[in-house]
There are 4 protein chains.
Amino acid sequence: MSTKKSGKSSLTALRNAVCRANIELYKRGLAHFTFGNASGIDRERGLVVIKPSGVPYSKLTPANLVMTDLDGNIVSSKLKPSSDLPTHLVLYKAFKDIGGVAHTHSQYATAWAQAWREIPCLGTTHADYFDGSVPITRAMDRAEIVADYEANTGKAIVRRFEGLDPLKRPGVLVGAHAPFAWGRDVAAAVEMAAIIEEVATLAHHTIAVNPNVQPIPDVLREKHFNRKHGPGAYYGQR
Amino acid sequence: MSTKKSGKSSLTALRNAVCRANIELYKRGLAHFTFGNASGIDRERGLVVIKPSGVPYSKLTPANLVMTDLDGNIVSSKLKPSSDLPTHLVLYKAFKDIGGVAHTHSQYATAWAQAWREIPCLGTTHADYFDGSVPITRAMDRAEIVADYEANTGKAIVRRFEGLDPLKRPGVLVGAHAPFAWGRDVAAAVEMAAIIEEVATLAHHTIAVNPNVQPIPDVLREKHFNRKHGPGAYYGQR
Amino acid sequence: MSTKKSGKSSLTALRNAVCRANIELYKRGLAHFTFGNASGIDRERGLVVIKPSGVPYSKLTPANLVMTDLDGNIVSSKLKPSSDLPTHLVLYKAFKDIGGVAHTHSQYATAWAQAWREIPCLGTTHADYFDGSVPITRAMDRAEIVADYEANTGKAIVRRFEGLDPLKRPGVLVGAHAPFAWGRDVAAAVEMAAIIEEVATLAHHTIAVNPNVQPIPDVLREKHFNRKHGPGAYYGQR
Amino acid sequence: MSTKKSGKSSLTALRNAVCRANIELYKRGLAHFTFGNASGIDRERGLVVIKPSGVPYSKLTPANLVMTDLDGNIVSSKLKPSSDLPTHLVLYKAFKDIGGVAHTHSQYATAWAQAWREIPCLGTTHADYFDGSVPITRAMDRAEIVADYEANTGKAIVRRFEGLDPLKRPGVLVGAHAPFAWGRDVAAAVEMAAIIEEVATLAHHTIAVNPNVQPIPDVLREKHFNRKHGPGAYYGQR
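Cut-offs applied
Residues numbered from 1 in each chain as written. Chains lettered and ligands numbered in written order. Predicted model: local features only at pLDDT ≥ 70, side-chain atom pairs only at ≥ 80, totals over all residues. Heavy atoms only, no water. Helix = DSSP H or I, 4+ residues; strand = E, 2+ residues; numbered from the N terminus. Rg over C-alpha atoms; globule rule 2.2 N^0.38 Å. Contact = heavy atoms within 4.5 Å. Areas by Shrake-Rupley, 256 points an atom, 1.4 Å probe, with all protein chains shown as cover. Lys, Arg positive; Asp, Glu negative; His and termini not counted. Charge placed at Lys NZ, Arg CZ, Asp CG, Glu CD. Least-squares fit on C-alpha atoms with pLDDT ≥ 70 in both. Buried area = accessible area lost by both parts, 1.4 Å probe. Salt bridge = Lys/Arg side-chain N within 4 Å of Asp/Glu carboxyl O. Expected span 1.5 Å × (residues − 1). Buried < 20%, exposed > 50% of the residue type's maximum accessible area, 1.4 Å probe, protein only. Polar contact = N/O pair within 3.5 Å; in protein donor to acceptor, adjacent residues only side chain to side chain. Nonpolar A, V, L, I, M, F, W, Y, C, P; charged D, E, K, R; others polar. Pairing = 2+ DSSP bridges. Axes fitted to C-alpha atoms, helices over the stretch in contact; angles between N-to-C directions. Phe/Tyr/Trp six-rings, centres within 6.5 Å; stacked < 30°, edge-to-face > 60°. Lys NZ or Arg CZ within 6 Å of the ring centre and 35° of its normal. pLDDT = per-residue confidence, 0-100.

### Considerations on the overall build of chain A
Then, in step 1: Within chain A, the regular secondary structure consists of 8 helices and 7 strands.
Then, in step 2: On C-alpha atoms alone, chain A measures out to a radius of gyration of 18 Å, which is about the 18 Å that the 2.2 N^0.38 rule sets for 238 residues.
Then, in step 3: Counting only C-alpha atoms and orienting by the principal axes, one finds that chain A spans roughly 50 × 45 × 35 Å.
Then, in step 4: Residue pairs in contact within chain A that sit at least 24 positions apart in sequence constitute 63% of those at least 6 positions apart.
Then, in step 5: When the accessible surface of chain A is split by element, carbon and sulfur atoms take 53% of a total near 9,400 Å².
Then, in step 6: Measuring between centres, the 29 positive side-chain charges of chain A sit 5 Å from its 22 negative side-chain charges.

Structure follows, in structure tokens:
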């Protein structure tokens, strides 16, 4: 523990990582306009760093990101946080092992969300990252929409993950809205947002070629997921 | 009122803004070739600045834009105005609160226009900007096409907006033609032209995944539109 | 006539224009790999300049283009001409007013050609350039394919244009193959190749939104074509 | 034989070519993330050079590529080879005339693979490179997936090519997975991976325009394939 970073330098590193990650969302074409935001958490201190609301990606700096506690109280910022902050906070509270969250309106993933269809696991590219479909939330009712809408969005995600391991399915579609992704840290969350767009694109093109295509067999899905993520993983330089 | 810009400097600013906006149309891929034009109005003086007809975007300068009054009389220009000028003028006369108009042939929005379908509000990205569908005009008859075609295009738009607030639905599809967008100023009009292409793209991909998808419920659409544009808006740094 | 360029300088200008046009095909994404070629003709001398066969666009220079007469006899070149040269020559002989031809495998236009469907005039973007559909040739029979295939491709195009004005429909789809475009000079031919890809793209996206869409009425098509190209044209700076 | 390169310089040339080819996969947009790999073989020495597993394309150098023998024994490397190495090795053993293999998850080709449909020869662009469809493998059974999965993938490809000439159909779709391509050397294999994506894209757009389209007649397919690759080939500068 003596090698642990000081509080100040660790939070600086988090600000830097979250800033880079938000800019990456834009550079990869995942977040046009100001659609999208990424956050990271310092679990030890219970502090979250997130994009400010409505600020163009070209104006982001580590210093103008917003830091809050897990209840959304602002620790230090002249700017308001992303309006989606309450969704991020619900995810951090429910999914204890995640360190970053990314939200985009990337085009193909958003199309599946608007179509109210989960993204089925149609091939090994998908299975390399998701041990099953990319799930979709159920529709929220009037009461959930009218008050505490953003927190209720998070709760709808958490309900959908009852019985699922959020690190084996590191993302979700919010119906009629768009995807959320997560990971061990904010960079992994952004990577996963890009992967979700990739598998959404592949699936979109696939059903155009064969509308009746079925998900791949469990044995093939598990083979691919586990050769990357299982105990006997042999992909990469591990 | 003493801080009001002099007439000359205010018109110079308008020329600069309209020039930037037209170039932006091209740079964002909304207007290929010479398909597209943007204009802005000085309401106090009743003067409109618009792109000259058929001039490539790379040759545009503030000085070679065309300035006219609201009846289309040229105030000062060696070049002819965009042939779509009469459409812009009808919109400025009918929609008193708009300060800029943008016309493009952006690909997905044009596809919906050619398909004679309004763009339904299928998700929250759309609802963030439009409090309903992106409407489409009815077909013009022979007489409307043969004479005063461009002015009649404007009138077809205005008729379609009877009972609608043009700032809550800041754009339209002209059937068999392409979109027009508008806003408080010319920059906002161009931004809205880009948004219309984005929602047209999302809707195109969505109906491929689920041809029977329905518009989102009113309560969700109003929630999103109002959190950005309503009296209690809480999106952005307001 | 005294201002006419000398033979040498006029042929140099033609080589330069054809070189630029071929490179433009590549830069605009109309011709991937070595799929595509453009040529220009000096009508007075009956000489045609065309891309050499299978040479990458990055290696093209005015000097390594191939010059032939209208029967395909090489005037001066160390390289072989594009294998599509005989198609170009048939077009130059049949369509007396054209000065340039461009052939691409651009993606959406090629899709319509492979689908054996002409591109219907679905909107005003199309009508601004084509006074009707982009026509498609009929299938060639075994004899036409086995011998003189490329010349027979040209003849199939010419047959399709019986009764049509090639300057009012400045391009065609060769069924199962890809588009050819033409114009007053080689730059206009390349511009038209780009326009054909644009209208093919729009039409592809349109029929996805409405499979039963019909061509626009004649009166609207003629209005748009003639405001750009008719005797009373009022588009552009004429 | 006296002009033969020394063993050392020839292996250096192979490392350089394989490095360039892998980077090319990425630059052409054929391999996003770390999805994709290319290898080359020195037939005389029986040595294969391949991308290391999970290493980003931006970090590749000739020196950090992995060299193995035809049984997969590592000759010299600190890094693990691509997990797809056994597939490459099976192809090298079965197809004696190929010198390079490329594997991608390019989007449209992967869509056809996920849709479990071979890519039919719908036009001359396709026929210029493939003397028939781009074939697809049959589904692998549980035993083939659970053990020696990657080698079994290669065997599934080889089985599909019984009776086919791998140089007349220089690539394949692995069902539910993605394409493999090959050629006389690694550069040709990458070129063919790009061609497969191109014809997959064209075919995808074609069936959207005409779902009932049929493959082109044999005579036309053979004409195009042979004018480029047959004994009397007349395309290019041969």
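### Side note on the relation of the copies chain D and chain A
Then, in step 1: In the superposition of chain D on chain A (RMSD 0.0 Å, axial shift 0.0 Å), the rotation amounts to 90°. Each copy turns onto its partner about a four-fold axis. Relative to the rotation axis, the closest C-alpha in chain D is found at A208(D), a distance of 5.4 Å.

### Some details on the interface of chain D and chain A
Then, in step 1: Between chain D and chain A, the residue contacts involve 30 residues of the former and 31 residues of the latter.
Then, in step 2: Summed over the three residues of chain D that lose the most area to chain A, namely F33(D), K80(D) and Q114(D), the buried surface amounts to 23% of that side.
Then, in step 3: Remark: the boundary between chain D and chain A carries 2 salt bridges.
Then, in step 4: Among the salt bridges present, the one from E150(D) reaches R227(A), with a minimum N-O distance of 2.5 Å.

### Here's the deal with helix α8 (residues 218-229) of chain D
Then, in step 1: Look at α8(D): 16 Å from first C-alpha to last across 12 residues, which is about the 16 Å you get at 1.5 Å a residue.
Then, in step 2: Of the positions making up α8(D), those classed as buried are V219(D), L220(D), R221(D), K223(D), H224(D), F225(D), R227(D) and K228(D).
Then, in step 3: On its buried face, α8(D) is in contact with α5 (142-146) and α6 (149-160) of chain C together with α4 (124-127) of chain D.

### Quick notes on the interface of chain A and chain B
Then, in step 1: Facing 30 residues of chain A, the contacting portion of chain B comprises 31 residues.
Then, in step 2: For the pair chain A and chain B, the summed buried area comes to about 2,800 Å², and 55% of that belongs to carbon and sulfur atoms.
Then, in step 3: Of all residues in chain A, the largest losses of buried area upon contact with chain B belong to F33(A), K80(A) and Q114(A), amounting jointly to 23% of the total for that side.
Then, in step 4: On inspection of chain A and its partner chain B, the count reaches 2 salt bridges.
Then, in step 5: For the pair chain A and chain B, the number of links is 12 residue pairs in polar contact (both at pLDDT 80 or more).
Then, in step 6: Take the side of chain A that touches chain B: its biggest share by element is 6 residues, from helix α3 (residues 107-114) of chain A.
Then, in step 7: Its residues assigned to classes, the side of chain A that touches chain B shows 14 nonpolar, 11 polar and 5 charged.

### So, the pattern of salt bridges
Then, in step 1: Within the structure shown, the criterion is met by 44 salt bridges over all chains.
Then, in step 2: One salt bridge in this structure joins R28(A) and E191(A), with 3.1 Å as the shortest N-O distance. Of this pair, R28(A) sits in the loop between α1 (7-27) and β1 (36-42) while E191(A) sits in helix α7 (residues 186-209), and the two are 163 residues apart along the sequence.
Then, in step 3: Taking the relative accessible area as the measure of exposure, E191(A) reaches 29% and is therefore partly exposed.
Then, in step 4: The partner of R159(B) in a salt bridge is E144(B), with the nearest N and O atoms 3.0 Å apart. Taken as a pair, R159(B) in helix α6 (residues 149-160) and E144(B) in helix α5 (residues 142-146) lie far apart in primary sequence, 15 residues in all.

### Here we look at the arrangement of the chains
Then, in step 1: In this assembly chain A lies apart from chain C, the nearest approach of their C-alpha atoms being 11 Å.
Then, in step 2: There is a clear gap between chain B and chain D: no contact, and 11 Å between their nearest C-alpha atoms.

### Topic: unusual backbone geometry
Then, in step 1: Positive phi is not limited to glycine here, since D148(B) has a value of about 55°.
Then, in step 2: Considering the arrangement of structural elements, one finds D148(B) in the loop between α5 and α6.

### Looking at the sheet that holds strand β3 (residues 66-69) of chain A
Residue and element names in this part refer to chain A.
Then, in step 1: The strand order β4-β3-β2-β1-β5-β7-β6 describes an open sheet built from 7 strands, whose pairing is antiparallel. Two strands in the sheet have a free side with no partner beyond their single neighbour: β4 (74-76) and β6 (171-173). Sheet twist, expressed as the mean angle between neighbouring strand axes with direction ignored, is 25°.
Then, in step 2: Seen against the sheet, helix α2 (residues 85-94) touches β1, β2 (47-50), β3, β5 (100-104) and β7 (179-183) and runs at an angle of roughly 40° to β1.

### Quick look at the packing of aromatic side chains
Then, in step 1: Evaluation of the coordinates by the stated rule reveals 24 aromatic pairs over all chains.
Then, in step 2: On the basis of an interplanar angle of 55° and a centroid distance of 5.2 Å, the ring pair of F95(C) and W182(C) is categorised as tilted. Residue F95(C) is located in the loop between α2 (85-94) and β5 (100-104), and its partner W182(C) is located in strand β7 (residues 179-183); the two are separated by 87 residues in the primary sequence. In terms of burial, F95(C) and W182(C) fall into one category: buried.
Then, in step 3: In textbook terms, an aromatic cluster arises when at least three aromatic residues are bridged by ring pairs, as seen for F33(A), F35(A) and Y129(B).
Then, in step 4: Looking at K51(A), its charged tip hangs above the ring of Y57(A), at a distance of 4.9 Å from the centre.

### A look at the environment of V55(A)
Then, in step 1: One can find V55(A) in the loop between β2 and β3.
Then, in step 2: By relative accessible area, V55(A) is classed as buried at 10%.
Then, in step 3: As a C-alpha pair, V55(A) and S82(A) span 27 residues in sequence and 9.0 Å in three-dimensional space.
Then, in step 4: Beyond its immediate stretch of four places on either side in the chain, V55(A) contacts T34(A), L60(A), L79(A) and Q237(B).

### Considering the confidence of the model for chain A
Then, in step 1: Of all residues in chain A, 97% attain a pLDDT of 70 or more, and the chain-wide mean is 94.
Then, in step 2: The complex prediction reports pTM at 0.96, with the ipTM value standing at 0.95.

### Things to note about the side chain of D131(A)
Residues and elements named next belong to chain A.
Then, in step 1: Looking at where D131 falls in the secondary structure, it is placed in the loop between α4 (124-127) and α5 (142-146).
Then, in step 2: For D131, a relative accessible area of 17% puts it in the buried group.
Then, in step 3: A polar contact is formed between the side chain of D131 and the side chain of R221, at a distance of 3.1 Å.
Then, in step 4: The residues touching D131, leaving out its near neighbours within four places in the chain, are K168, R169, R221, E222 and F225.

### Thoughts on helix α3 (residues 107-114) of chain C
Then, in step 1: The buried count for α3(C) comes to 7 of 8 residues, which makes it a mostly enclosed element.
Then, in step 2: As for α3(C), its buried residues are in contact with β6 (171-173), β7 and α7 (186-209) of chain C together with α4 and α7 (186-209) of chain D.
Then, in step 3: Looking one or two residues past α3(C), W116(C) carries a phi angle of roughly 60°, positive in sign.

### Let's talk about the environment of F130(C)
Residue and element names in this part refer to chain C.
Then, in step 1: Mapped onto the fold, F130 is located in the loop between α4 (124-127) and α5.
Then, in step 2: Classification of F130 by relative accessible area gives buried; the value is 0%.
Then, in step 3: Sequence separation between F130 and H224 is 94 residues, and the spatial gap between their C-alpha atoms is 9.4 Å.
Then, in step 4: Excluding residues within four positions of it along the chain, F130 makes contact with K168, R169, P170, G171, M192, I196, R221 and F225.

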